[in-house]
Amino acid sequence: MKRSISKHTTEYLDQLSSTETKGDIEDYIFKPDSLDILIQNHKLKIVGLNFYPDLDLLLFVLNNKKVMKRKISDFKNLKNAGLKDLEKYFISKDGVHWEKLDEDLSLRGLLQYELTHSDVALSY
C-alpha cells in the first residue's frame, strides 16, 4: 500500500519551508520540546484505533496501555465519513492517516490536545 501525505499536510510543510519560518523548522528539529521528549523517551506510539460513529467517538490506544478519546466531529474530513471509510486508515510512527479522506492525525497533536483539555491531573 502506497502511503502519502495529505494535501493539507503538504501545504503546511510548504508554508513551513518558506524563508520566514526557516529558523522555526530548525528549532523544531534540533530543539525538541517536552512533548517530543516524552514521545521519544517512552517510545510512545498509537497501536490501535476504535470508532463509535453513533457516539461521535474515536479511541486511540497507545502502546503504554493509555487510551485517548476525541470526537469524530472534531475533524472536518472524518465527521461525515461512513464507517467503511473511517476503517480505511493506516498507523505510522507519527500518527494515523486516512488517504481517501485526506486526514492525518499526529500522535504529538493528540497528546498536546489531551494535555490542554484534560480535567484530571497527569501523573508520570
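Quick look at the sheet that holds strand β1 (residues 46-52)
Taken in spatial order, the three strands line up as β1-β2-β3 in an open sheet, and their pairing is antiparallel. In this open sheet, the two edge strands, each paired with only one partner strand, are β1 and β3 (67-70). Neighbour-to-neighbour, the strand axes of the sheet open up by a mean angle of 20°, direction not taken into account. Across four bridges, the pairing between strand β2 (residues 57-62) and β3 is antiparallel. From the neighbouring strand, Phe60 faces β3, where its bridge partner is Met68. Where helix α6 (residues 107-117) meets the sheet, it contacts β1, β2 and β3, and its direction lies at approximately 80° from that of β3.

Considering the sheet that holds strand β4 (residues 90-91)
What links the strands of a sheet is backbone hydrogen bonding, and the strands pair in either a parallel or an antiparallel sense. Overall, antiparallel pairing links the three strands, which are arranged β4-β5-β6 in an open sheet. The open sheet terminates on both sides in strands that have one partner only, identified here as β4 and β6 (103-106). Bridge count for β4 against strand β5 (residues 95-98) is two bridges, and the pairing is antiparallel. Pairing of Phe90 across the sheet is with His97, part of β5.

Calculation notes
- Residues numbered from 1 in each chain as written.
- Predicted model: local features only at pLDDT ≥ 70, side-chain atom pairs only at ≥ 80, totals over all residues.
- Heavy atoms only, no water.
- Pairing = 2+ DSSP bridges.
- Helix = DSSP H or I, 4+ residues; strand = E, 2+ residues; numbered from the N terminus.
- Axes fitted to C-alpha atoms, helices over the stretch in contact; angles between N-to-C directions.
- Contact = heavy atoms within 4.5 Å.

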